[in-house]
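Each chain, written out:
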Amino acid sequence: MEEINIKSVGRFELKQLLKREGRQSVYLAYDPHLDRKLTVRIADFSGLDAQVRSDFDARAHALAGLRNAHLSAVLDFGQTDGVDYLATTLVEGPNLREITAQNATVEPKQAALIEPRQVALLVGKLALGVSQMHAAGLVHGYLSPECVVLEKNGEPVIADLGMPGMLLSEEDEESADFRNEFAAPEVSVGSGDAIRPQSDVYSLAAIGFFVLTGHAPQSAEEVFQTALYEGLDSGAADQFKTTFAKALSFGASERYASARELAEAMESLFRVTPLTQPRETKSAEEVAFDEVTESEYEQFDLQEIEGAHVVHLHDASVLSTESLVQTKHELFAMVEKCDPKRLIVNFASVRFCSSETVGILIQLHTELKPRDTRLYLCGMRESIREVFRVLNLDGTVFEIRGTVTNALKSAE
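What counts, and where the lines are drawn
- Residues numbered from 1 in each chain as written.
- Predicted model: local features only at pLDDT ≥ 70, side-chain atom pairs only at ≥ 80, totals over all residues.
- Heavy atoms only, no water.
- Pairing = 2+ DSSP bridges.
- Helix = DSSP H or I, 4+ residues; strand = E, 2+ residues; numbered from the N terminus.
- Contact = heavy atoms within 4.5 Å.
- Axes fitted to C-alpha atoms, helices over the stretch in contact; angles between N-to-C directions.
- Phe/Tyr/Trp six-rings, centres within 6.5 Å; stacked < 30°, edge-to-face > 60°.
- Buried < 20%, exposed > 50% of the residue type's maximum accessible area, 1.4 Å probe, protein only.
- Lys NZ or Arg CZ within 6 Å of the ring centre and 35° of its normal.

A.B. asks: Please give an account of the sheet that holds strand S2 (residues 12-21) that cites residues and values.
C.D. replies: Taken together, the six strands give an open sheet; going across it, the order is S1-S2-S3-S4-S6-S5, and neighbouring strands pair in antiparallel fashion. Both outer strands of the open sheet, strand S1 (8-9) and strand S5 (74-80), are each paired with one neighbouring strand and no more. As paired strands, S5 and strand S6 (residues 83-89) are joined by six bridges and run antiparallel to one another. Residue pairing across strands places Thr-80 opposite Val-83, the latter belonging to S6. Against the sheet, helix H1 (residues 50-64) contacts strand S4 (36-43), S5 and S6, and its axis sits at roughly 155° relative to S5.

This is the structure in structure tokens:
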């Protein structure tokens, strides 16, 4: 497909070509009426049957009626000056392919790149978004880690809502091969008749497996590798394996019947799957400090080091609304009881950070200000720290350091 040499589509100003996907070109665009950035996808129907354009329009119309936190929203679509376009909200952040590659460089020797419990949460959230598409009579069919972007608030969003397979048939070979690794066995580019809700169930589970291991599953049996579940009790490990094996079954009829069923299975899996690393496990840095005493708090461990109070967050403390509520309660109770003059919150065990987590920390900062308590955050993964940078909180509201040791030196 040749790049369309145009500056605007309707009222939208095209600023930058982001990518090409077969017969589609995706642009960063600007809407001067609403003063906002967005994404504009331009489709080329030349030489194709008129039914393909009709399918495109019908799909865009149905997508425009969907509103879900985990789906990019359709803002406008149509044809102007012979150009067919679809305008959607701009979802800013790294996609799951990029995040997984980064995790693999950080922990190359780990069988599981992130906690199985987090994988269940991630897939469950995406499945809820896809279930709305299914309810509207739509199936994506070509979900892959590149389609999913982790927003600045830490939430996963399907940025690419999928389009008729014929528009993908001329995609460059590398991207096509990568996407097809996550397509259900019954799906191939251009064969839209084979796509069904269970196809998306397979792809969602395959994305979860990719985030967990760094590669797409070769078969359902691959989820039974024991190395992935070290630290899980036998019951949680068995349920994890069974849930993913069913979702990744070769036969569509053997999978969960819908994304809603998959979401429910993932919620159940999340509730029974503990963190694979026991709380007693410490980083090399923590071992250098005094032992953490028996904690009265469930969502974090508390140390006193050189007159500073150090909160080591557990990964589970930010994984659900229920956990966040308890984390907030325990943090504020600890502040009231200990009245710390130097407080360090260590994120070393935390792999995702939501907007709710940031909100709790802002409230904590406000609570500590009249107490003249110096607050430091440390141990963040780069993807989490980027959230604070994007929100303009790094160095303004919060002092963020690399490690507990760095934070202690700054607090002296």
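A.B. asks: Can you lay out the packing of aromatic side chains for me, pointing to particular residues and giving the numbers?
C.D. replies: Taken as a whole and judged by the stated rule, the model has seven aromatic pairs. When the ring of Tyr-297 is compared with that of Phe-300, the centres are 4.8 Å apart and the planes differ by 25°; the resulting orientation is stacked. Summarising the burial analysis for this pair, Tyr-297 and Phe-300 share the class buried. Both rings, one in Phe-347 and one in Phe-388, keep their centres 6.5 Å apart while their planes meet at 80°; by these two values the pair is edge-to-face. Placement of the pair is Phe-347 in the loop between strand S11 (342-346) and helix H10 (355-368) and Phe-388 in helix H11 (residues 382-390), with a sequence separation of 41 residues. Accessibility assignment for this pair places Phe-347 and Phe-388 in one class, buried. Here a set of aromatic residues connected by ring pairs shows up, and it is made of Phe-347, Phe-388 and Phe-398. In this structure, Arg-117 packs its charged tip against the face of Phe-270, placed 4.0 Å from the ring centre.

A.B. asks: Which residues make up the sheet that holds strand S12 (residues 374-378), and what are the values?
C.D. replies: Across the sheet, which stays open at both edges, the five strands sit in the order S9-S10-S11-S12-S13 with mixed pairing between neighbours. With one partner strand each, in any of the chains shown, strand S9 (300-305) and strand S13 (399-401) form the two edges of the open sheet. When strand polarity is set aside, the average angle formed by the axes of neighbouring strands in this sheet is 25°. When S12 meets S13, the two strands line up parallel, connected through three bridges. Looking at the pairing, Leu-377 lines up with Ile-400 of S13. Against the sheet, helix H9 (residues 321-338) touches S9, strand S10 (308-313) and S11, its axis set at about 25° to S9. H10 contacts S11 and S12 of the sheet and is inclined by roughly 155° relative to S12.

Fair warning: the whole summary comes from geometry, so function is off the table for now.
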